[in-house]
Amino acid sequence: MPSINILFEDEHYLAIDKPAGMLVHPSPIERRAANAIALIREQMGIKAYTVHRLDRPTSGVLIFAKSSEAAKRLNLCFAERQVQKTYLCVCRGYTEEAGVIDHPLKEILDKIADKHADPDKPAKEAVSEYRRLGTVELPIPVGKYPAARYSLIEVKPKTGRKHQIRRHLKHLFHPLVGDTNHGDGKHNTLFRENFGLERLLLMATKLEFIHPFSGQPIVIEAPVTPWVDKLFAGFGWQGLYPAPSSENLQDSELPSN
């Protein structure tokens, strides 16, 4: 059973570094899969209230409330877009140095939970800002090309649509590496065969907001895992991302099914 890596805690909130492959909630389909809610209850003896979510393949900062009132207040901050989220990811090709993706997205419906929802609802506003941090060209043939190019980018989504970053980068023809739903299979295979990739290269690295009770600015950061750190260092990207401390010697990533 994975242990909880706590990034922030006070009397109202608890933020953890969620591993890639971990669910946020228990799943009726995968009853034995690890989920953050159950781990917090088992290892800390407290009830955690959901404030926001991360996709199962995404790692990084995940915050919970310790009471329904705390959840209500921070949920309002998210709803009013007063919380700034920062993600780090690797995508195919060289992106522009910076840009804004303003591309509405249709809601992704769950086959079970949303079986009665209208599949023809119009697309909703979806906006993501990004900037390129680094690039790398690998001398590995892929498809019809003799080499493969990738970008390390930082993304700040301004809205919270499901799979927003993954779908927005696909829209730009720069799909995320390791994305089995919206990505490029040839590049996923390249990373798996040459680097042992078993996860989506999308990490929630920072969460910023004004504390609903104290009024103080809160900044919660999560480093990349040691495995990702080693991969990025090999690409010459040292200093461009939050690296793990020397004390963190174990990689707690879970298989990203």
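Presented here is an overview of the structure given in this document. (Residues numbered from 1 in each chain as written. Predicted model: local features only at pLDDT ≥ 70, side-chain atom pairs only at ≥ 80, totals over all residues. Heavy atoms only, no water.)

Brief notes about the overall build of the chain
Secondary structure assignment for the chain yields five helices and ten strands. Counting over 257 residues, the chain shows a buried share of 46%. A separation threshold of at least 6 residues defines the contact pool for the chain, and within that pool the share at least 24 residues apart is 66%. Looking at the chain as shown, the accessible area adds up to about 13700 Å², and 49% of this sits on carbon and sulfur atoms. (Helix = DSSP H or I, 4+ residues; strand = E, 2+ residues; numbered from the N terminus. Buried < 20%, exposed > 50% of the residue type's maximum accessible area, 1.4 Å probe, protein only. Contact = heavy atoms within 4.5 Å. Areas by Shrake-Rupley, 256 points an atom, 1.4 Å probe, with all protein chains shown as cover.)

Observations concerning the packing of aromatic side chains
Evaluation of the coordinates by the stated rule reveals eight aromatic pairs. Aromatic side chains Phe195 and Phe235 sit 5.5 Å apart centroid to centroid with 85° between the ring planes, which places their arrangement in the edge-to-face category. With Phe195 in helix α4 (residues 185–195) and Phe235 in the segment after α5 (226–234), this pair connects stretches of sequence that are 40 residues apart. You can call Phe195 partly exposed: its relative accessible area is 27%. Overall, the relative accessible area of 10% leaves Phe235 in the buried class. (Phe/Tyr/Trp six-rings, centres within 6.5 Å; stacked < 30°, edge-to-face > 60°.)

Quick notes on empty space enclosed by the protein
In this approach, a probe sized like a water molecule rolls over the atoms, and the result shows the empty space that is left. Counting across every chain of the model gives two cavities of 30 Å³ or more. For the largest cavity, the full set of lining residues is Asp17, Ser59, Gly60, Arg199, Met203, Ala204, Thr205, Ala222, Pro223, Val224 and Thr225. If one sorts the elements of the lining of the largest cavity by residue count, strand β9 (residues 202–210) sits on top with three residues. By residue class, the composition of the lining of the largest cavity is five nonpolar, four polar and two charged. Quantified by volume, the second largest cavity comes out at close to 40 Å³. Every residue along the wall of the second largest cavity is listed here: Ser3, Ile4, Asn5, Ile16, Asp17, Pro19, Met22, Ala36 and Leu39. When residues of the lining of the second largest cavity are traced back to their parent elements, those giving at least two are β2 (13–18) and α1 (36–44). Along the lines of polarity and charge, the residues of the lining of the second largest cavity split into six nonpolar, two polar and one charged. (1 Å grid on protein atoms, 1.4 Å probe; cavity = no way out; pocket = protein on both sides within 12 Å on 5 of 7 lines; lining within 4 Å. Points joined across faces, edges and corners; volume = space filled by probe spheres on them. Nonpolar A, V, L, I, M, F, W, Y, C, P; charged D, E, K, R; others polar.)

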